[in-house]
Amino acid sequence: MLGMLKAMRTTLKHLPMKKITVQYPEQRERLPERSRGLFRVVIDPASGEPRCRACTLCESNCPVQVIRVNYTSKYRLPVPNAARLAEARFAAQAGLDLKALQPVLDDYYEHGTGLIAMLQNAQDAYGYLPRIAIHEISLQTGISLSQIYGVSSFYNQFRLSPVGERIIDVCHGTACHVAGAMQITEALEEELGVADGKTTTDMKFTLSSVACMGACSQAPVMRIGESTYGALTPDKTRKIIRDLMAEVGAEKG
Amino acid sequence: MTDDTTKNDGTQVNTATDTESRNVTVAERPDGGYRVTVCAGTACVFAGSLAVFDAFVQEVEQAGLGDSVEVSIIGCHGLCSMSPVVVLSDDTLYGHLRPADVAKVVEGHLKGGEPVEKFLYKDAQTGERIRDWHEIGFYKAQTRIALRDVGVIDPESIEAYLARGGYDAARLALTEKTPEWIIEHITDSGIRGRGGAGFPTGVKWKFANQSKSDEKYLICNADEGDPGAFMDCSILEGDPHTVIEGMIIGSYAIGAHEGYVYVRAEYPLAVKRLTMAVADAEARGLLGDDIFGTGWAFNVHLKLGAGAFVCGEETALIASIEGKRGMPRTRPPFPAVSGLWGKPTNINNVETLANVPWIIMHGAEAYAALGVEHCRGTKAFSLAGKLVNGGLAEVPMGSTLRHVIFDVGGGIKGGKKFKAVQLGGPSGGCIPASLLDTPVDYESLAATGAIVGSGGMVVVDDETCMVDLARFFLDFTQKESCGKCIPCRLGTKRMLETLDRIIAGDGREGDIELLQELGGYIIDGSLCALGGTAPNPVLTTIKYFRDEYEAHINERRCPAGKCKSLITYYIDAEACTGCTLCAKKCPTNCIAGEKKQLHVIDVANCIKCDTCRQVCKFDAVKVRSGVEQAVAGVASGAEG
């Protein structure tokens, strides 16, 4: 009896209060400012299919690792087949010789070289990573394109565009910076007529900078191909590059 | 072939207890002939040591000394500021040799027996020439353990390493000791990870040992990405076998059969020598399925890094070996529980592993006797920047910075004033002159805001702008941020923009506080040590050199005369002799003046490339900090 009265009192007390129930989905509450909500795959209204292509980038980027991407058969990675290969070759840079890639792939099948080592080998063969080579690797190994592009764009070593015959690496380590590495790069930029990181139009030189070569006592230093130069000054650098440009017949710009 | 070499060398194969002979540097030949060793460390190679080596071979042959003189190469000898360095078996050290000078040394010293004064080390203070390298202050002030054989043996020859007692520690460990004994021994020695974090190695090994799994991995972290640090590079180039030996002992202690060395591709020489060393060790059964007949199997694989600084972080390194983007992940699980391919993994730094064989051979007590409480043993540093003696140095933990910079490093080059020392690369900080008596150990340095880090020490004089230096490091970390944590990815970018603004002369009131506030958020909000330490260079320079920031922001001038937007070049009317050299070298032809007349710089066209100041023989080209002020200076110079 007493319990019933108590319950009635609670009911009566709440009766004149404002209703807290929200008639979802007609009514919607404002979400708290820090709410992140739940994940949902966006459906493409045109095709009615999910837009997600299972590239796994969200999975690998999530700081708290709450995303797991499960592939369904529909979006499983392509298997090598002649028609697909032909198509991909046509679409990418046609005319590039893929023979040089064969040893790299053989190595993968025989020794199970990792993706990074495989890309390093491919870059050794071509000087950079041609699009067609990346497609070929993806098709032959079943590693997704997004994963290969993800890796190759993450590491500084990989280049996705062709480089010059000679790569000029100017060291920008701490000791070299303090000793004036910036002036060296500027002198080279001016002599070559290209910005840092770029290649001359005649494809003779690529100007690039590296973090540290470990030759700090010779700072500032640079490496052109196999040759190394230490204790540089802008003036000395200009002389070296002018001589080299004359030697290989390179043009400014 | 191998036996012959050993005999020819005249070096005795040392027994395990023969520690005395370790103090011998380059063994003298019994017939009284010389052995010439040419340093082939990275710095010396840059200075042309390989050409010097060729010249020696040729000159020795021509002088008819082919039978009594041997020429070989060594890894980094340490005194890189003298490079290329050549060391003779009578302990003479020659530096700054050019191939053309070799004939003089061969004629004078190897034939005549008299040292050639001109190429000996010159003491900056007394001006005295020192012949014996042991007597040079740089070497006298050091205690070498990890670097014990670096610069002493031929790194490309396993015989040379074996002749110095190499692989004895691994033999002792595998044949006579238990993994528990090794772990206890390493724990007692008090050694802490030399990669920067300073986690006790013994404890790490214990965790890995206790993890139950069918497979375990041992990784040697040789991804020395810090700009300005080259100790690991020098160890791998100068003594690769000691690292392999350390790995064998470690593998036995934790129970791993597969090992990886993750080495930077930017160190081609280290990669080459390490590859050779692994192949040599395999050929001799020191690596493989049955090491020393104990049935212990251990194989070492090389993995080349692809140029990502963040891969020095252990979970990012593991991701990179697995062929993924090198992004750190949350811990726990720690790699000791779930690491490479989900198996228990132990990761040690190169220098840590190089210490292990020494500790096994000489005992934990001998190692613990060096250093201070909580920080035992020694630490290798690479000394660079504006020092008299730059190079590779190893000192006991707890030595003061003053000792390292002034006793080992010989003080500041050109008699300039010490301004600051940058420790620990992009994760570290700048320490001013007032804190020079700080002992070098993990805790004391952390208290100043800097860190020991991997051991890069770059000394700067008063010609270096601290704002520019801080910007340099932040630019580096900003580019290297993997992008996973937003505070690190965007925060460093914002900080960099603020610094760029200050350097360009557009600094605002409150920028310093903004930098400090952002820095705090980045430290708190980042997963790994890259973000957690990225603001350190900025925060420490603000802490100790706040006046420079204020000068940039409030007075629009750069006190060190480095930041281009805040300085102006002018020619001193008193000093200019009118030699026309600067006008000839000026890339924009903005210097006008007749021969023997005062030259004037056209400020409007000057690109501030600094060439004129560097080529002037009379120090007549000066830099004035502040822009408006300098324009007036040039005008008055023109009138005068």
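Residues numbered from 1 in each chain as written. Chains lettered and ligands numbered in written order. Predicted model: local features only at pLDDT ≥ 70, side-chain atom pairs only at ≥ 80, totals over all residues.

**Considering the overall build of chain B**
Along chain B, the regular secondary structure elements total 26 helices and 22 strands. In terms of overall dimensions, chain B has C-alpha extents of about 85 × 65 × 40 Å along its principal axes. Partitioning the intrachain contacts of chain B with sequence separation of at least 6 by distance along the chain shows that 72% fall at a separation of at least 24. (Helix = DSSP H or I, 4+ residues; strand = E, 2+ residues; numbered from the N terminus. Contact = placed C-beta atoms within 7 Å.)

**Structural notes on the overall build of chain A**
Secondary structure summary: chain A contains ten helices and four strands in total. Mapped in sequence order, the helices and strands of chain A form the string α-α-α-α-α-α-α-β-α-α-β-β-β-α. Classification of the 253 residues of chain A by burial places 29% in the buried group. The long-range fraction of contacts in chain A, counting pairs at least 24 apart against all pairs at least 6 apart in sequence, stands at 62%. (Buried ≥ 20, exposed ≤ 12 C-beta atoms within 10 Å, placed from the backbone.)

**Things to note about the interface of chain A and chain B**
Tallying the contact residues gives 40 residues for chain A and 51 residues for chain B. Those elements giving two or more residues to the side of chain A that touches chain B turn out to be α2 (57-61), α5 (115-126), α7 (145-154), α8 (174-178), α9 (181-192) and α10 (234-248) of chain A. Examining the composition of the side of chain A that touches chain B, we find that four residues originate from one element, α8(A), more than from any other. Classifying every residue of the side of chain A that touches chain B by side-chain character gives 18 nonpolar, 19 polar and three charged. (Nonpolar A, V, L, I, M, F, W, Y, C, P; charged D, E, K, R; others polar.)

**Considerations on the pairing of strand β1 (residues 166-171) of chain A**
All names here are of chain A. Strand direction decides the pairing type here: β1 and strand β2 (residues 205-210), joined by six bridges, are parallel. Opposite C171, over in β2, you have V210 as the bridge partner. Pairing of β1 with strand β3 (residues 222-224) involves three bridges; the strand directions are antiparallel. By the bridge assignment, V170 is partnered in β3 with M222. (Pairing = 2+ DSSP bridges.)

**A word on the packing of helix α7 (residues 168-176) of chain B against helix α14 (residues 350-362) of chain B**
Residue and element names in this part refer to chain B. As a packed pair, α7 and α14 sit with axes 8 Å apart at the nearest point and diverge in direction by 65°. In this structure, α7 crosses over α14, and the sense of that crossing is left-handed. Note on element contacts: α14 touches α7 through P357, I360 and M361, opposite D168, A169, A170, L172 and A173. (Axes fitted to C-alpha atoms, helices over the stretch in contact; angles between N-to-C directions. Left-handed = near helix turned anticlockwise from the far one by under 90°.)

**Examining the packing of helix α20 (residues 511-525) of chain B against helix α22 (residues 536-544) of chain B**
All names here are of chain B. Following both chains from N to C, one finds α20 and α22 inclined at 140°, their axes separated by 10 Å at the closest point. When the axis of α20 is compared with that of α22, the two are oblique. The handedness of the crossing between α20 and α22 comes out as left-handed. Seen from α20, the contacting residues are I512, L515, Q516 and G519; seen from α22, they are V538, L539 and I542. Per-class residue counts for the contact of α20 with α22 are five nonpolar, two polar and no charged. (Parallel < 35°, antiparallel > 145°, perpendicular 65-115°, else oblique.)

**Observations concerning the sheet that holds strand β9 (residues 288-291) of chain B**
Residue and element names in this part refer to chain B. On the basis of which strands lie adjacent, the open sheet formed by five strands has the order β9-β10-β8-β7-β11 and mixed pairing. The sheet terminates laterally at β9 and β11 (345-349), the two strands that pair on one side only. Between one strand and the next, the sheet's axes are offset by a mean angle of 25°, whatever the strand orientation. As defined by bridge partners, β9 adjoins strand β10 (residues 296-304) across two bridges and the pair is classed as antiparallel. Bridge pairing in β10 places G288 opposite F298. Contacts between helix α11 (residues 240-254) and the sheet are confined to β7 (217-222), β8 (258-263), β9, β10 and β11, with β7 contributing the most and set at about 150° to the helix.

**Digging into the confidence of the model for chain A**
Per-residue confidence for chain A gives a mean pLDDT of 80, with 89% of residues at or over 70. Within the model, pLDDT remains below 50 along residues 73-78 of chain A, and this stretch shows seven contacts once partners closer than five positions in the same chain are excluded. (pLDDT = per-residue confidence, 0-100.)

**As for α5(A)**
Residues and elements named next belong to chain A. Between the first and last C-alpha of α5 there are 16 Å, a value that for twelve residues agrees with the 16 Å anticipated at 1.5 Å per step. Among the residues making up α5, those that are buried are I116, A117, M118, L119, Q120, A122 and Q123. Of the residues trailing α5, G127 is marked for its positive phi of about 90°. (Expected span 1.5 Å × (residues − 1).)

**Let's talk about the nonpolar core**
Grouped together as the largest cluster of nonpolar side chains are 229 residues, with contacts concentrated most on A:V221, B:I249 and B:V263. The residues contacting B:I249, other than those within four sequence positions of it, are B:A169, B:A170, B:A173, B:I182, B:V356, B:P357 and B:I360. (Core = buried A, V, L, I, M, F, W, Y, C linked by C-beta atoms within 7 Å.)

**Observations concerning the sheet that holds β3(A)**
All names here are of chain A. Spatial ordering of the open sheet is given by β2-β1-β3-β4, a layout of four strands whose pairing is mixed. If you trace the sheet from one side to the other, it starts and ends with β2 and β4 (227-229), each paired once. Neighbour-to-neighbour, the strand axes of this sheet turn through a mean angle of 20°, independent of strand direction. With respect to the sheet, α9 is in contact with β1, β2 and β3, its orientation differing from that of β1 by roughly 155°.

**Concerning the pairing of strand β19 (residues 567-571) of chain B**
Residue and element names in this part refer to chain B. β19 sits mainly inside the fold: five of its five residues count as buried. Along β19, one buried face is formed by I567, Y569 and I571 and the opposite face, lined by T568 and Y570, is buried too. Sheet topology note: the β19/strand β22 (residues 621-625) ladder contains five bridges and is antiparallel. Each bridged residue has a counterpart across the sheet, and for I571 the counterpart in β22 is V621.

**Focus: the confidence of the model for chain B**
All names here are of chain B. In the predicted model, chain B carries a mean pLDDT of 85, and 93% of its residues have values of at least 70. Every residue in residues 1-27 scores below 50 in pLDDT, and together they form 34 contacts with partners more than four places removed in sequence or on other chains. Low pLDDT, under 50, characterises residues 629-640; the stretch is placed with 18 contacts to residues that sit more than four places away or in other chains. Prediction confidence for the complex, expressed as pTM and ipTM, is 0.78 and 0.79 respectively.

**Some words on the environment of B:A256**
Residues and elements named next belong to chain B. With respect to the helices and strands, the residue A256 is situated in the loop between α11 and β8. For A256, a count of 26 C-beta atoms within 10 Å puts it in the buried group. Spatially, the C-alpha atoms of A256 and A297 are 8.6 Å apart, while their sequence positions differ by 41 residues. For A256, the residues in contact, after removing those within four places along its chain, are K216, Y217, L218, S251 and N346.

**Quick word on the environment of B:G339**
All names here are of chain B. In this structure, G339 sits in the loop between α13 (314-321) and β11. The buried category is assigned to G339, around which 26 C-beta atoms lie within 10 Å. Each C-alpha atom, one on G339 and one on A319, is 9.0 Å from the other, the two residues being 20 residues apart in sequence. Those residues in contact with G339, other than ones at most four positions away along the chain, are Y217, I318, P344 and T345.

**Structural notes on α20(B)**
The end-to-end C-alpha distance of α20(B), which contains 15 residues, comes to 21 Å, matching closely the 21 Å that a straight helix rising 1.5 Å per residue would cover. Residues of α20(B) that are buried in the fold lie against α19 (486-503), α21 (529-533) and α22 of chain B.

**Describing unusual backbone geometry**
Of note, the amide linkage connecting A:A219 to A:P220 takes the cis form, showing an omega dihedral of -10°. Examined against the element boundaries, A:P220 turns out to sit in the loop between β2 and β3. The step from B:P332 to B:P333 runs through a cis peptide bond, and the omega angle for that step is 5°. Positive phi, normally seen in glycine, also occurs at B:H96, with a value near 50°. Relative to the elements of secondary structure, B:H96 occurs in the loop between β4 (93-94) and α4 (102-111). With 17 C-beta atoms packed within 10 Å, B:H96 lands in the partly exposed category. Phi at B:K608 takes a positive value of approximately 55°, unusual for a residue other than glycine. On the secondary structure map, B:K608 appears in the loop between β21 (600-601) and α25 (611-615). Here B:K608 falls in the partly exposed class, since 18 other C-beta atoms lie within 10 Å of it.

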